[in-house]
Amino acid sequence: MISILRRGLLVLLAAFPLLALAAPGQSARDVIQGTTTQLLSDLKANKEQYKANPEAFYSALNSNLGPVVDADGISKSIMTVKYSRKATPAQMQRFQENFKRSLMQFYGNALLEYNNQGITVDPAKAEGDDRTSVGMKITGTNGAVYPVQYTMVKLDGEWKVRNVIVNGINIGKLFRDQFQDAMQRNGNNLDKTIDGWAGEVAKAKEAADSSPDKEVK
């Protein structure tokens, strides 16, 4: 069983593409590789400061959220058409902000424990003119290799992350199921579900932590 710390790290590594500004014309693989390099470089330079002041770390992560992720597409996917078509623009914006902030808070500490064990980014695999996937392999402290796969779409000529599969766990589906369950528990009250999303992320993390190991041989 992967420890809570390591599982949290894997999920945060999946969020790397949220943290960089894409340059026009970059390939899908370049977006993933460049973002990973950028974030690890910042972490190496500021790790002790971030450990002493986690809020500064969360703030740094959030302030660097750029246009690499298809935030609108991901939010609508998590909500599903059933709920997203009923949401106001203000509700969608609030959900996006709550989602990003809670993810950074729950998984930020795990990233601070990363010691450059090893990350490799595979070539992109085209799934159509405007859709592709990029694989990443993360080496754990025990030498096991864990896979991450990014689903990316091309919007206005730039590659953006639409979904991530981490160590066999489909993050988009995990949060989508969590959102629908929360809506049922909250009597289909969208505002209540959005405002309580941090707690839902915690539950999704627990679900991921309890999943069996899947490592690349």
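Residues numbered from 1 in each chain as written. Predicted model: local features only at pLDDT ≥ 70, side-chain atom pairs only at ≥ 80, totals over all residues. Heavy atoms only, no water.

As annotated in an unreviewed UniProt entry, the chain carries the name ABC transporter substrate-binding protein and is attributed to Pseudomonas mosselii.

**Student:** Mind laying out the side chain of Ser75, listing which residues take part and the relevant values?
**Tutor:** Within the secondary structure, Ser75 is located in helix H4 (residues 71-84). Reaching out from Ser75, the side chain makes a polar contact with the backbone oxygen of Ala71 at a distance of 2.9 Å. Setting aside residues up to four positions removed in sequence, Ser75 forms contacts with Met92, Phe95 and Gln96. (Helix = DSSP H or I, 4+ residues; strand = E, 2+ residues; numbered from the N terminus. Polar contact = N/O pair within 3.5 Å; in protein donor to acceptor, adjacent residues only side chain to side chain. Contact = heavy atoms within 4.5 Å.)

**Student:** Summarise the pattern of salt bridges; cite the residues concerned and give the values.
**Tutor:** Summed over the entire model, instances satisfying the criterion amount to nine salt bridges. Across the pair Arg94 and Asp191 runs a salt bridge whose closest N-O atoms are separated by 2.7 Å. Pair noted here: Arg94 is in helix H5 (residues 89-112) and Asp191 is in helix H7 (residues 190-195), with a separation of 97 residues, a long-range link. In this structure, the salt-bridge partner of Asp177 is Lys173, at a minimum N-O distance of 2.8 Å. Of the two residues, Asp177 and Lys173 both sit in helix H6 (residues 171-185), four residues apart, roughly one turn of that helix. By relative accessible area, which is 37% here, Asp177 ends up partly exposed. Taken together, the shared-partner salt bridges connect Arg94, Asp191 and Asp195 into one network. (Salt bridge = Lys/Arg side-chain N within 4 Å of Asp/Glu carboxyl O. Buried < 20%, exposed > 50% of the residue type's maximum accessible area, 1.4 Å probe, protein only.)

**Student:** Mind laying out the packing of H4 against H6, listing which residues take part and the relevant values?
**Tutor:** Running from N to C, H4 and H6 point in directions that differ by 40°, and their axes come no closer than 8 Å. Accordingly, the angle class assigned to the pair H4 and H6 is oblique. Seen from H4, the contacting residues are Ser77, Ile78, Met79, Thr80 and Tyr83; seen from H6, they are Phe175, Arg176, Phe179, Gln180 and Met183. Considering only residue class, the contact of H4 with H6 consists of six nonpolar, three polar and one charged. (Axes fitted to C-alpha atoms, helices over the stretch in contact; angles between N-to-C directions. Parallel < 35°, antiparallel > 145°, perpendicular 65-115°, else oblique. Nonpolar A, V, L, I, M, F, W, Y, C, P; charged D, E, K, R; others polar.)

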